[in-house]
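# Fold and geometry: a report
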Amino acid sequence: MPTYRNATRQYVWLCLLGLAFGWFEASVVVYLRELYYPDGFRFPLVIVWDRIALIEVVREAASILLLAAAARLAARHFLARFACFMILFGLWDLVYYAVLKITLGWPASLWTWDILFLLPVPWTGPVWAPCVVAVVLVSAGTYLYWTADRSRAYTRWDWIVEIGAGLLVIGAFVSEWRAVLDRRVPQYFPAWLFWVGVVLGVSWFIVAERRAAASRA
């Protein structure tokens with residue numbers, strides 16, 4: 001773990017990068033909506049040209065790669081790098097929606113449906129859901145960042161449960177992926193599945209951290 005002063009400086013730069021990246025992401029979406037949704041974004045989605053769709057999919061993959069590369073360069077060890085990635089990803093998502101609200105007046109509410117991601121299939125859901133995930137990522141990532149020097153011994157089961165919890169959340173997001181391809185309005189978001197994943201992931205993380213604290217004591 002770097003000195004407190006260096007760690008603080010690095011954390012500030014991470015936050016600035018997340019803020020800037022959120023603005024870039026929102027800017028691209030503003031341009032796309034001017035082209036394809038001049039009367040305002042809504043479902044069913046407009047089918048874009050194959051070339052534009054491919055570019056957008058690659059852009060999303062490149063965005064994740066950029067965040068991962070920044071996190072990789074920001075820390076020396078895996079857990080600290082993962083914490084940096086969580087912070088960047090969460091801030092990116094929160095700033096993205098804040099900028100769209102400021103520039104376009106969208107979303108109308110936290111219950112507005114949005115298309116969230118395109119890989120490997122379209123992700124959809126009400127805006128509040130990715131915002132919840134983003135807040136959890138920033139919170140957990142910040143905690144791990146500032147406690148990265150503590151000894152931890154996460155077990156295989158810890159990782160299995162956390163990955164499983166993440167897959168439940170993703171499952172909720174992709175439950176209506178066919179609606180995008182069929183040009184239908186999404187009808188149902190399985191909030192129960194989403195919250196099971198979130199609560200399981202957060203609860204198990206707390207349990208693992210308490211176990212680590214007990215072992216250090």
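Residues numbered from 1 in each chain as written. Predicted model: local features only at pLDDT ≥ 70, side-chain atom pairs only at ≥ 80, totals over all residues. Heavy atoms only, no water.

### Digging into the overall build of the protein chain
To be explicit about the condition: Helix and strand assignments come from DSSP, with helices taken as H or I runs of at least 4 residues and strands as E runs of at least 2, each series counted from the N terminus. It is over C-alpha atoms that the radius of gyration is taken, and the globule rule equals 2.2 Å times the number of residues to the power 0.38. Whether a residue is buried, partly exposed or exposed follows from its accessible area with a 1.4 Å probe, protein chains only, as a fraction of its type maximum: under 20%, in between, or over 50%, in that order.
Summing up its helical and strand segments, the protein chain has seven helices and two strands in all. Seen in sequence order, the protein chain has helices and strands lined up from the N terminus as α-α-α-β-β-α-α-α-α. What you see for the protein chain is a C-alpha radius of gyration of 19 Å, in line with the 17 Å of a compact globule of 217 residues. By the burial criterion, 41% of the 217 residues in the protein chain qualify as buried.

### Here's the deal with a nonpolar patch on the surface
Threshold: Patch construction takes residues with relative accessible area above 30% that form no salt bridge. Like charges are linked within 9 Å, and nonpolar side chains (Val, Leu, Ile, Met, Phe, Trp, Tyr) are linked within 5 Å. Per-residue and other accessible areas follow the Shrake-Rupley method at a 1.4 Å probe size, with only the shown protein chains counted as cover for residues. By convention in these notes, a salt bridge is any Lys or Arg side-chain nitrogen within 4 Å of a carboxyl oxygen on Asp or Glu.
A contiguous nonpolar surface patch, about 570 Å² in accessible area, is contributed by Phe78, Phe82, Trp159, Ile163, Leu167 and Ile170. Counting only elements with at least two residues in the nonpolar patch, the list comes to helix 3 (78-104) and helix 5 (156-173). If you tally residues by element for the nonpolar patch, the top one is helix 5, at four residues. Checked against the element boundaries, isoleucine 170 lands in helix 5.

### So, the packing of aromatic side chains
The criterion, for reference: Note on aromatic contacts: the rings of Phe and Tyr and the six-membered ring of Trp form a pair at centre separations within 6.5 Å, being stacked when their planes are under 30 degrees apart, edge-to-face when over 60 apart, and tilted otherwise. The criterion is that NZ of a Lys, or CZ of an Arg, lies within 6 Å of the ring centre and within 35 degrees of the ring normal, and then a charge sits over that ring.
Following the criterion strictly, the structure yields 26 aromatic pairs and no others. Considering the side-chain rings of phenylalanine 41 and phenylalanine 43, the 5.7 Å spacing of their centres and the 70° angle between planes classify their relative orientation as edge-to-face. Residue classification places phenylalanine 43 among the buried residues on the basis of a relative accessible area of 12%. Joined through ring pairs, the aromatic side chains of Trp113, Phe117, Trp123, Trp128, Phe173, Phe189, Phe194 and Trp195 make up one cluster. Above the plane of the ring of phenylalanine 41 lies arginine 33, whose end atom (NZ or CZ) is 4.3 Å from the centre.

### Thoughts on the pairing of strand 1 (residues 113-117)
For the record, the criterion: One requirement defines pairing of two strands: DSSP has to find at least two bridges between them.
Examined bridge by bridge, strand 1 and strand 2 (residues 123-126) share four bridges and lie antiparallel to one another. Within strand 2, the residue paired with aspartate 114 across the bridge is glycine 125. The hairpin formed by strand 1 and strand 2 contains five residues between the paired strands.

### Quick word on the nonpolar core
Heads up, the condition is: Nonpolar core, defined: a set of buried Ala, Val, Leu, Ile, Met, Phe, Trp, Tyr and Cys residues in which side-chain atoms within 4.5 Å join the residues together. Note on contacts: a residue pair is in contact if any heavy atoms of the two residues lie within 4.5 Å.
The biggest cluster of nonpolar side chains holds 24 residues, and the ones touching the most others in it are Leu14, Cys84 and Tyr145. Those elements that place two or more of their residues in this core are helix 1 (4-36), helix 2 (50-74), helix 3 and helix 4 (128-146). Counting residues per element, this core draws most heavily on helix 3, at nine residues. Once residues lying within four places of it in the same chain are set aside, the contact partners of leucine 14 are Ala74, Cys84, Leu88 and Tyr145.

### Quick notes on the packing of helix 2 against helix 3
What counts here: Every axis corresponds to a line fitted to the C-alpha atoms, with the helix fit spanning only the stretch in contact, and the corresponding angles, defined between N-to-C directions, vary from 0 to 180 degrees. Roughly parallel means an angle under 35 degrees; roughly antiparallel, over 145; roughly perpendicular, 65 to 115; everything else is oblique. Two helices cross in a left-handed way if the nearer one is turned anticlockwise from the farther one by less than a right angle. They cross in a right-handed way if the turn is clockwise.
With their axes 8 Å apart at the nearest point, helix 2 and helix 3 run at an angle of 140° to one another. For the element pair helix 2 / helix 3, the angle class is oblique. Remark: the crossing between helix 2 and helix 3 carries right-handed chirality. Facing Ser63, Ile64, Leu67, Ala68, Ala70, Ala71, Arg72 and Ala74 of helix 2, the residues of helix 3 in contact are Arg81, Cys84, Phe85, Leu88, Phe89 and Trp92.

### Some thoughts on unusual backbone geometry
Proline 107 follows tryptophan 106 through a cis peptide bond whose omega is 5°. Mapped onto the elements of the fold, proline 107 is located in the loop between helix 3 and strand 1. Of note, the bond from leucine 119 into proline 120 is cis; its omega dihedral lies within 30 degrees of zero at -10°. Structurally, proline 120 is set in the loop between strand 1 and strand 2. In the Ramachandran plot, arginine 183 falls in the positive-phi region, its phi being about 55° despite a non-glycine side chain. Position of arginine 183 among the secondary structure elements: in the loop between helix 6 (177-181) and helix 7 (191-216). Judged by relative accessible area, arginine 183 falls into the partly exposed class, the value being 46%.

### Considerations on the environment of valine 138
In this fold, valine 138 is placed in helix 4. Between the C-alpha atom of valine 138 and that of isoleucine 87, which follows or precedes it by 51 residues, the distance is 4.5 Å. With near-sequence residues (within four places) excluded, valine 138 lies in contact with Met86, Ile87, Gly90 and Leu91.

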